[in-house]
Amino acid sequence: MDLFETLVVVLGVAFVAALAVFAKTRLFPVGEDEEPREDVAEYIAMMVSVLYAIVLGLCLVSVWDTRSAASDNVQAEASALHQTYLLADALPAAQRQPLRDAARTYADHVVDVEWPAMAERAPLGPSGWQLLERLRKAGEVGDSAKVPEQIAAQEVLAQLGYIDDARRGREAAAQERLSPVLWTGLLIGGSLTLAFMFLFGIRRSATHVVMVMGLSGFIAFTVLLIHQLDAPFGGVLGASPDAFTRYFG
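Structural notes on helix α4 (residues 127-138)
Within an α-helix, residues lying three or four positions from one another point in the same direction, as the helix has 3.6 residues per turn.
Line of reasoning, step 1. For α4, spanning twelve residues, the distance from its first C-alpha to its last is 17 Å, which sits close to the expected 16 Å at 1.5 Å a residue.
Line of reasoning, step 2. What α4 keeps buried is the set Gly 128, Leu 131, Leu 132, Leu 135 and Ala 138. Along the axis of α4, the buried positions cluster into a sector of 115°, meaning they face one direction only. The outward face of α4, more than 90 degrees from its buried face, is lined by the exposed residues Gln 130 and Lys 137.

Structure below.
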């Protein structure tokens, strides 16, 4: 969902809320001699708003942490893969090009195959791990290698360990999603918060409309933001494969 679609949804929710206010004031108007009973409604609305703010905070922190961890793992994996590619210059001549080819093949597989699958939360399968094993074998040297070459091979193994760890974190982040319990709390809490806005006996319909439109639009925007962040590798706010394309584009 891009910015334009988000604005359309937010404005649409605010417009529907405004229509609800007009319907309420026309169908259930506050009588001239009726004293608005706002004390209890205001207290309950305040409690609901506070609890809903806590739920919103939990949801935002949860999805933001997942999104940040996904981005960090992508950066770490791409950086370690690039270092592996550069270390090929210090290996025996016969192994330099195979290691470079294996690193580039792995990067292309991540960008072209795994990224669309992660955006759809589909399983990645064993292909990426097989390519990583191929990369590991390409970086091995025999006992006859010179000392600098053996040191370089050890550094390659260390970088491959970083790739392995970052890849596991990336796969885990791709499958994580916000708890259904929190989604339920978001929807129910938002509905209750808006519903309590209709309990106040406000006779000035324009004031009531502005209050309800602003609150409903902000709640809709926050829920959409959480929805976007809940897809760490998809949507507008998801992590991108730029770290891989920058090194191996």
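Text resumes after the structure shown.
Section: the pattern of salt bridges
Line of reasoning, step 1. In this structure the tally under the stated criterion is seven salt bridges.
Line of reasoning, step 2. Between Arg 100 and Asp 89 there is a salt bridge, and its shortest N-O distance comes to 2.3 Å. Taken together, the residues span a long stretch of sequence, with Arg 100 in helix α3 (residues 93-119) and Asp 89 in the loop between α2 (38-87) and α3 at a distance of eleven residues.
Line of reasoning, step 3. For the salt bridge of Glu 171 with Arg 167, the shortest nitrogen-to-oxygen distance reads 3.3 Å. Taken together, the residues Glu 171 and Arg 167, both in helix α5 (residues 147-175) and four residues apart, mark about one turn of the helix. Arg 167 matches Glu 171 in its accessibility class, with the two residues each being buried.
Line of reasoning, step 4. One continuous salt-bridge network, built from bridges that share partners, spans Glu 77, Glu 114, Arg 167, Arg 170 and Glu 171.

Conventions we followed
Counting starts from 1 at the beginning of each chain's written sequence and moves along it residue by residue. Residues qualify for local features only when their pLDDT is at least 70, as the model is predicted, and side-chain atom pairs are given and counted only at 80 or more; totals for whole chains, interfaces and linings, by contrast, use all residues. Side-chain numbers come from the whole structure's heavy atoms, not from hydrogens or water. Under the DSSP-based scheme used, a helix requires at least four consecutive residues in state H or I and a strand at least two consecutive residues in state E, with every element numbered from the N terminus. One less than the number of residues in a helix, times 1.5 Å, gives the span that helix is expected to have. Any residue under 20% of the maximum accessible area for its type is buried, any over 50% is exposed, and the rest in between are partly exposed; the area is computed with a 1.4 Å probe on protein chains only. Each C-beta atom gives one direction from the helix axis, and the arc is the one those directions make. Only one rule defines a salt bridge in this text: a Lys or Arg side-chain nitrogen within 4 Å of an Asp or Glu carboxyl oxygen.

Geometric descriptors of this kind do not, in isolation, establish any biological role.
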